[in-house]
Amino acid sequence: MIRPRKARVPGAIQVGLHPGTLGVWRGAALYVGSLIGPGVLLVPALAVQAAGPASVIGWALLLVLSAPLALTFAALGVRLPVSGGVAAYVQAGFGAAAGAVAGGWFLTAVLIGGPAVALIGGYYVADLTGTGTSVAAAVGLAIFALVLGANALGLRFSSRLQLVFAAILTLVIAVAVGVALPSRANHNWTPFAPDGWWAIGTAANILVWLFVGWEAVAQLAGEFRQPAKQLPRAILIAFATVTVLYSGIAVATVGVSADSSSKVPLADLIAVGFGSWGRDATAVLAVALTMGTMNVYMGGASKLAAALASSGSLPTWLAGDAHRTIPRRPLFVVAGVAAILLLALVAGLANISELVRATSACFVAVYVAATASAAWILRGVTRAAALLSFVLFVVIAIFSGWYLLVPAISVLCFTAIRTHTRRLRPFPKSLPPTQAESPLQQ
């Protein structure tokens, strides 16, 4: 059983909790909504391309990993009800410098993953209109520009509306999988491991993107009426739901997309069950979901950058308007870097698969640090869960290959900038309250 124990993280603000507002079923819905995002539009097909039908083993491994990982973050959420997210959990165990590094990894993941998400939405529009890559790129740029403008004006896409889109997508996928499996479940299963067994680890590394989110609801632990009892039950329901849904997606993707290089695999899957109108509806839903996710994370990344600047981990200029709902200075810097990457995608200098791998490497690094910190500060069963999660994420990290250079370079850059910046004047010893929030808190 998770025993609620509150502890303050120096410099981190306590969440404005409202005890009693969350029950088991609503909490479970929030968990599922935090996991289902735009990654499901493309990532399953990338995993099949990496390992063939054997990618289903990668899905299974990550589903097994989800159980101790969810328990770990639930325990952290009850013990440390703070708004700083994963970086705050790392800071609680290893100090402000480590928390800043974890924040830097998250920021890097958003910088790299944002352009990929925008272009994924563009591909679905191009499929809807029967056009090509140029239209997909134009739509991706348009999505990016709209998200940037909305954040600059302080307009936030409602996280509740995003959860509604995620819920609709979950329902559509569930029905589509149920329709597609009877006719396609036995297709494309030979050869089972065309790229060898090592490729299974690569597929699992790619699929990590779909399992990022177990930490999000942990920050709302104090809003459960009885967190020690209700939070584990909510996690169990969410875990069962995600296991069934992801298992269906894993098998159906092999049956539908294993023999193609389609950039809209979810549209292919839904078209099996719903025909052309389902394919068209998927494109509309894809754009809404990608815009919502980008809006939330662009704003969150800007707030995180401002927080890191306020604590001396980034140039202080970025914290000049940290008081704003969405600080514009870091927003435009984040947007500028992401726009360059998006243009590189359009020009063919990089591809979505590479950005997904790089983003996953950063997320893996964050989770390695967070689970290591959890293993240090938790006790009993939850400590064992944290240790198991840590070991499994270290194994997954091995399969990141040279993409581990991305978080490694990020560490070097952030450490150098932090060292130089803190020489100029004294700073707080920890991340300030303006650190990025979970999308579910916005």
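Before going into details, it helps to say that this report is about the structure given with it. Predicted model only: the values in this text are computed from it and were never measured.

Of regular secondary structure, the chain possesses 14 helices and zero strands. The linear arrangement of helices and strands in the chain, starting from the amino end, is α-α-α-α-α-α-α-α-α-α-α-α-α-α. In the chain, the proportion of contacts linking residues at least 24 apart, taken out of those at least 6 apart, comes to 86%. On the chain, roughly 17200 Å² of surface is accessible, and the fraction owed to carbon and sulfur atoms is 68%.

Our focus in this paragraph is the pattern of salt bridges. Side-chain pairing between opposite charges can occur once the charged atoms of the two side chains come close. Under the defined criterion, the tally for this structure stands at two salt bridges. Here Asp127 ties to Arg279 by a salt bridge, and the two come within 2.8 Å at their closest N and O atoms. In this pair, Asp127 is assigned in helix α5 (residues 96-129) and Arg279 in helix α10 (residues 265-310), connecting sequence segments 152 residues apart. Across the pair Arg279 and Asp268 runs a salt bridge whose closest N-O atoms are separated by 2.5 Å. With relative accessibility at 15%, the residue Asp268 sits in the buried group. Each of Asp127, Asp268 and Arg279 takes part in a single network of salt bridges with overlapping partners.

The next thing to look at is the nonpolar core. Counting 138 residues, the largest nonpolar core has Phe73, Leu107, Tyr124, Phe211, Trp214, Tyr246 and Ile352 as the members making the most contacts within it. When residues in this core are grouped by element, the largest group, 18 residues, is from α5.

Moving on, we come to the layout of surface pockets. Roughly 400 Å³ of volume is contained in the largest pocket. If you go around the largest pocket, you meet 23 residues; those closest to its centre are Leu107, Thr108, Leu111, Val337 and Phe414. Among the elements of the structure, α5, α11 (328-347), α12 (352-377) and α14 (405-424) are those that each provide at least two residues to the lining of the largest pocket. Broken down by element, the residue count for the lining of the largest pocket peaks at five residues, all from α11. A per-class count over the lining of the largest pocket returns 21 nonpolar, one polar and one charged.

The rules behind these values
- Along each chain, the written sequence defines residue order, and numbers are assigned to residues from 1.
- Per-residue local features of the predicted model are confined to residues with pLDDT of at least 70, and side-chain atom pairs are confined, for both listing and counting, to 80 or more; whole-chain, interface and lining totals are unaffected and use all residues.
- Excluded from the side-chain calculations are hydrogens and water; all other atoms, namely the structure's heavy atoms, are used.
- A helix here means a DSSP run of H or I that spans at least four residues, while a strand means a run of E at least two residues long, and both kinds are numbered starting from the N terminus.
- Whether two residues are in contact is decided by their heavy atoms, any of which lying within 4.5 Å being enough.
- Reported accessibility uses the Shrake-Rupley method at a 1.4 Å probe radius. Residues are deemed covered only where the shown protein chains occlude them.
- The salt bridge definition used is simple: a Lys or Arg side-chain nitrogen within 4 Å of an Asp or Glu carboxyl oxygen.
- Exposure categories follow from relative accessible area, calculated using a 1.4 Å probe and restricted to protein chains: below 20% of the type maximum is buried, above 50% is exposed, and the middle band is partly exposed.
- We call a set of buried Ala, Val, Leu, Ile, Met, Phe, Trp, Tyr and Cys residues a nonpolar core when their side-chain atoms join them within 4.5 Å.
- Grid points spaced at 1 Å and placed over the protein atoms alone form the basis of the search, with a cavity being a set where a 1.4 Å probe fits but cannot get out and a pocket an open set showing protein on both sides within 12 Å along at least five of seven lines. Lining residues have an atom within 4 Å of a point.
- Grid points are joined across faces, edges and corners, and a volume is the space filled by probe spheres set on the points.
- By the convention adopted, Pro, Cys, Tyr, Trp, Phe, Met, Ile, Leu, Val and Ala count as nonpolar, Lys, Arg, Asp and Glu as charged, and the other residues, Gly among them, as polar.

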